[in-house]
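Descriptive structure summary
What follows is the residue order along each chain.
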Amino acid sequence: MRSWSGVIVSLCLCFGSGYTERVLGHSGFVSPSPKGHRFLSQRKGWRSSTLKGRTLGTDDEGVSFRPTVWSEFASLAKETGGVNLGQGFPNWRPPKFVRDAGVEAIQGPYMNNQYTRTAGLTPLVEFLAAKYSNHLASEGEHRTIDGEKEVAITVGASQGLYITMLSVLRPGDEVILFEPFFNLYEGQIKCAGATAKFVPMKFAEVSKESSQGGSVSGEWQLDVEALRSAITPLTRLIVLNTPMNPTGKVFTREELEAVAEVVRENPDVLVLSDEVYKFMIYTDEDDEDPEANVNTPVGHIHFASLPGMWDRTITVSSAGKTFSVTGWQVGWVVGPERFLAPIQLRLPFMQFCACTPMQQALVKVLEQALQPYAGEKSYYTWLRKAYAQRKAFLAQALENAGLTTVRGDGGFFMIADISNIEVPQKYLEESTDACPEMTRDWAFCRFLAIECGVVALPCSAFFSEKNKATGKNLVRFAFCKTSPTLQEAAKRLLKLRDFRKPDAPPLPPAGDLPPVEDHEDM
């Protein structure tokens, strides 16, 4: 009989991060054990039990997995009919040129629907190699990436992350995670037999108008000395996610160079750079420059492009977020052959290949994305502007409701500060399978779904157990939604004005919401 751990790992690899979010426990896999990170099937006394109709894995050492933040709030969205701003994927159709490419690939030659090269369809890896040769060239230095040896296609970015960890980590290794973090990472680290070490980001208090609308109450900043202090002889990997999920944090050049300096100081340390949101950065940079390269993500700095970092970095990305096709599950890993060779060797033991017609379609999609689209000079330009509109709209809607936002310049998530909201006591006294010890942010999100009809996610789910309290007043909202969805959410959020704390500053009248345009393809 297959172990639960084997089943879970197989599901993660097959269905990617979205499925992982719904299936894995609060930490992403199993809770910590003082005796190391063995799979459940290897633990003495492992058994299954049922709690409130749900099957849980437990053992005599206190290790368990349980319902998650994703499953709890997906259920609440269904039960309440709430506007779901918790889901991290667009609720519109992909652009027509993307859909057409998919249909054309499926209806094309028979080999488009059969197995292809395990490490990736040759035309796709060659296209990506040329693309990243441009992206990852260091200052004054041209780089030619070999598509056959230095690129691998994976089942979404989530598998790219996991197979990289399996390939570079050994039991007992330590992996640095900047906190808050996407909780998929911690589970994958445990599956690889390594240990996560958490480096909290500094939260700098600021109060100013945001260039994307609304006001911001603070911003996340890298604590370089905390990073240095976390490095030990066991440190093997630093996971870098920019733009960052859940915060929208975009690491500055100065911050990335500081990380690079720490890497140079520690010759055994590598960087795993997760860059799935790189085309969604909202800066004040002028992207109307006719000389600008439409193939280059505006405002994004590839960590591997910094001096000396190509040889120390594995870069992971995907097409799902960029083209609104998260279900296609095509990602990729780019890096030096010494890292990609073991990754390519492991791939056949996970799946023979990522979906062939979707790979074939992406070759055409990536080419067409560089062409003028919807009145903009490229699809990527339109994408940034479309998301910037949504970001500004949600920021103003949250401010109208009495919430301030935490600065985030990328991705499609926004963090709101709920400090001024009085959460009804009955929600604070609840306990759920996914949150046995109720936190304030979790209670607020349950109240928001049940009484206001809007679903968001509690940020304590993105912190380690030790630092969970840091997220007690923070909630994540997704703005990757159509105009009607955001308009309805804005109306419902206004109910929060009735739950403002008595000692909170008085609220001005609700401001006008900025326009949000949906493309006809949506």
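Residues numbered from 1 in each chain as written. Predicted model: local features only at pLDDT ≥ 70, side-chain atom pairs only at ≥ 80, totals over all residues. Heavy atoms only, no water.

**Focus: the overall build of the protein**
Keep this limit in mind: Secondary structure elements are taken from DSSP: a helix is a run of H or I of four residues or more, a strand is a run of E of two residues or more, and numbering for both begins at the N terminus. Throughout, exposure labels follow a simple rule: accessible area from a 1.4 Å probe, protein chains only, divided by the maximum for the residue type, with under 20% read as buried, over 50% as exposed, and the rest as partly exposed. We call two residues contacting when some pair of their heavy atoms lies within 4.5 Å. Residue burial considers only the protein chains on display, and all accessible areas are found by Shrake-Rupley using a 1.4 Å probe.
Across its full length, the protein carries 15 helices and 18 strands. Per-residue burial over the protein gives 60% buried out of 522 residues. Excluding contacts between residues fewer than 6 apart, the proportion of contacts in the protein whose partners are at least 24 apart in sequence is 72%. Looking at the protein as shown, the accessible area adds up to about 20900 Å², and 52% of this sits on carbon and sulfur atoms.

**A few points about unusual backbone geometry**
Residue proline 180 is reached from glutamate 179 by a cis peptide bond, and omega for that bond is 10°. By the element assignment, proline 180 lies in the loop between strand S6 (174–179) and helix H7 (184–191). Not every positive phi belongs to a glycine, and glutamine 329 is a case in point at roughly 55°. The topology assignment puts glutamine 329 in the loop between strand S12 (313–318) and strand S13 (331–334).

**Things to note about the packing of helix H6 (residues 156–168) against helix H10 (residues 337–346)**
A pair of packed helices can be characterised by two numbers: the angle between their axes and the separation between those axes. The test is simple: Axes here mean lines fitted to C-alpha atoms, for a helix over just the part in contact, with angles spanning 0 to 180 degrees between N-to-C directions. Roughly parallel refers to an angle under 35 degrees, roughly antiparallel to one over 145, roughly perpendicular to one between 65 and 115, and oblique to any angle outside these ranges. By definition, any crossing whose near helix is turned counterclockwise from its far helix by less than a right angle is left-handed, and any crossing with a clockwise turn is right-handed. Residues are sorted three ways: Asp, Glu, Lys and Arg are charged, Ala, Val, Leu, Ile, Met, Phe, Trp, Tyr, Cys and Pro are nonpolar, and all the rest, Gly among them, are polar.
Relative to each other, H6 and H10 sit at 110°, their axes nearing to 9 Å. In terms of orientation, H6 and H10 fall into the roughly perpendicular class. Pair H6 / H10 crosses with right-handed handedness. Contact residues: H6 offers Ile163, Thr164, Leu166 and Ser167, while H10 offers Pro342, Ile343 and Arg346. Tallied by class, residues from the contact of H6 with H10 come to four nonpolar, two polar and one charged.

**Remarks on the state of the cysteines**
What counts here: The term disulfide is used for any two cysteine sulfur atoms that are within 2.5 Å.
For the structure shown, the criterion picks out zero disulfides. Cysteine cysteine 353 shares no disulfide, and the gap to the nearest cysteine sulfur, in cysteine 355, comes to 7.8 Å. Given the relative accessible area of 16%, cysteine 353 is considered buried.

**A closer look at the sheet that holds strand S5 (residues 151–154)**
To keep things clear, this is the line we draw: In this scheme, strands are said to pair when DSSP sees at least two bridges between them.
Strand order in the open sheet formed by seven strands is S5-S13-S12-S11-S10-S6-S7, and the pairing between neighbours is mixed. For this open sheet the edge positions go to S5 and strand S7 (195–200), each flanked by a neighbour on one side alone. Sheet twist, expressed as the mean angle between neighbouring strand axes with direction ignored, is 20°. Across the sheet, H6 lies against S5, strand S10 (235–241), strand S11 (270–274), S12 and S13, angled at about 160° from S12, the strand it touches most.

**Digging into the nonpolar core**
Worth spelling out the cut-off: Buried Ala, Val, Leu, Ile, Met, Phe, Trp, Tyr and Cys residues that are joined via side-chain atoms within 4.5 Å together make up what is termed a nonpolar core. Annotation comment: domain bounds sourced from an automatic or database domain assignment.
If you look at the biggest cluster of nonpolar residues, it comprises 126 residues, and the most contacted ones within it are Phe323, Phe444, Phe477 and Leu496. Per-element accounting of this core gives the leading share, 11 residues, to helix H12 (residues 379–400). Taken domain by domain, this core gets at least three of its residues from each of domain 1 (69–88 + 379–498) and domain 2 (96–370). Residues in contact with phenylalanine 477, not counting those within four places in the same chain, are Leu85, Leu394, Leu398, Leu403, Phe412, Phe413, Met414, Ala416, Leu448, Val454, Ala456 and Leu493. Formed by 30 residues, the second largest nonpolar core is a distinct cluster that contains Ile176, Leu256, Cys459 and Leu474.

**A short note on the packing of aromatic side chains**
Under the convention used in this document: The criterion for an aromatic pair is that two Phe, Tyr or Trp rings (for Trp, the six-membered ring) have centres within 6.5 Å, with stacked assigned to planes under 30 degrees apart, edge-to-face to planes over 60 apart and tilted to the rest. Both a distance and an angle decide whether a charge sits over a ring: NZ of Lys or CZ of Arg must be within 6 Å of the ring centre and within 35 degrees of the ring normal.
Applying the stated rule across the entire model yields 26 aromatic pairs. Measuring from ring centre to ring centre gives 5.7 Å for phenylalanine 97 and tyrosine 373, while their planes differ by 70°; the resulting arrangement is edge-to-face. Taken together, the positions of phenylalanine 97 in helix H3 (residues 96–106) and tyrosine 373 in the loop between helix H11 (356–368) and H12 put the pair 276 residues apart, joining distant regions of the chain. Judged by its relative accessible area of 13%, phenylalanine 97 is buried. By way of ring pairs, the aromatic residues Trp92, Tyr277, Tyr282, Tyr387, Phe412, Phe413 and Phe479 are connected into one cluster. It is lysine 249 that lies over the ring of phenylalanine 251; its NZ or CZ is 5.5 Å from the centre. Over the ring of phenylalanine 413 we find arginine 476, and its NZ or CZ is 3.6 Å from the ring centre.

**Re the packing of helix H4 (residues 122–135) against H11**
Between H4 and H11, whose axes approach to 8 Å, the crossing angle comes to 35°. Every pair of crossing elements has a handedness; the one defined by H4 and H11 is left-handed. Here Pro123, Leu124, Phe127 and Leu128 of H4 come into contact with H11, specifically with Gln359, Leu362, Val363, Leu366 and Glu367. Tallied by class, residues from the contact of H4 with H11 come to seven nonpolar, one polar and one charged.

**What about the pattern of salt bridges?**
Put simply, the rule reads: One speaks of a salt bridge when a side-chain nitrogen belonging to Lys or Arg is within 4 Å of a carboxyl oxygen belonging to Asp or Glu.
Enumeration over the complete set of coordinates arrives at 19 salt bridges. Glutamate 430 is the partner of arginine 446 in a salt bridge, and the nearest nitrogen-oxygen pair spans 2.8 Å. Here glutamate 430 lies in the loop between helix H13 (425–428) and helix H14 (440–452) and arginine 446 lies in helix H14, a separation of 16 residues in the sequence. Taken together, the salt bridges that share partners define one network made up of Glu72, Glu430 and Arg446.

**Focus on the confidence of the model for the protein**
Applied cut-off: A residue's pLDDT is simply how confident the predictor is in it, with values from 0 to 100.
A residue-level look at the protein finds 83% of positions with pLDDT of 70 or above and a mean pLDDT of 86. In the model, residues 58–64 has pLDDT below 50 throughout and makes 29 contacts with residues more than four positions away in sequence or in other chains.

**Here's the deal with H10**
To keep it simple, the criterion reads: Think of it as the arc spanned by the lines of direction from the helix axis to the C-beta atoms.
Residues Phe339, Leu340, Ile343 and Gln344 constitute the buried set of H10. Down the axis of H10, the smallest arc covering the buried residues is 125°, so these residues share one side. Residues of H10 that are exposed and angled more than 90 degrees away from the buried face: Arg338 and Leu345.

**Here's the deal with H4**
Note the cut-off: In this scheme, a helix's expected span is set at 1.5 Å multiplied by one less than its residue total.
The terminal C-alpha atoms of H4 lie 20 Å apart, and with 14 residues this matches the ideal 20 Å at 1.5 Å per residue to within 8%. Elements that come into contact with the buried residues of H4 comprise helix H5 (147–150), S5, S12, S13, H11 and H12.

**Here we look at the environment of proline 246**
Turning to its location among the elements, proline 246 is positioned in the loop between S10 and helix H9 (253–265). Residues proline 246 and phenylalanine 182, spaced 64 residues apart in sequence, show a C-alpha to C-alpha distance of 6.4 Å. In this structure, proline 246 is in contact with Pro180, Phe181, Phe182, Phe413, Ile415, Phe462 and Arg476, ignoring residues within four places of it in sequence.

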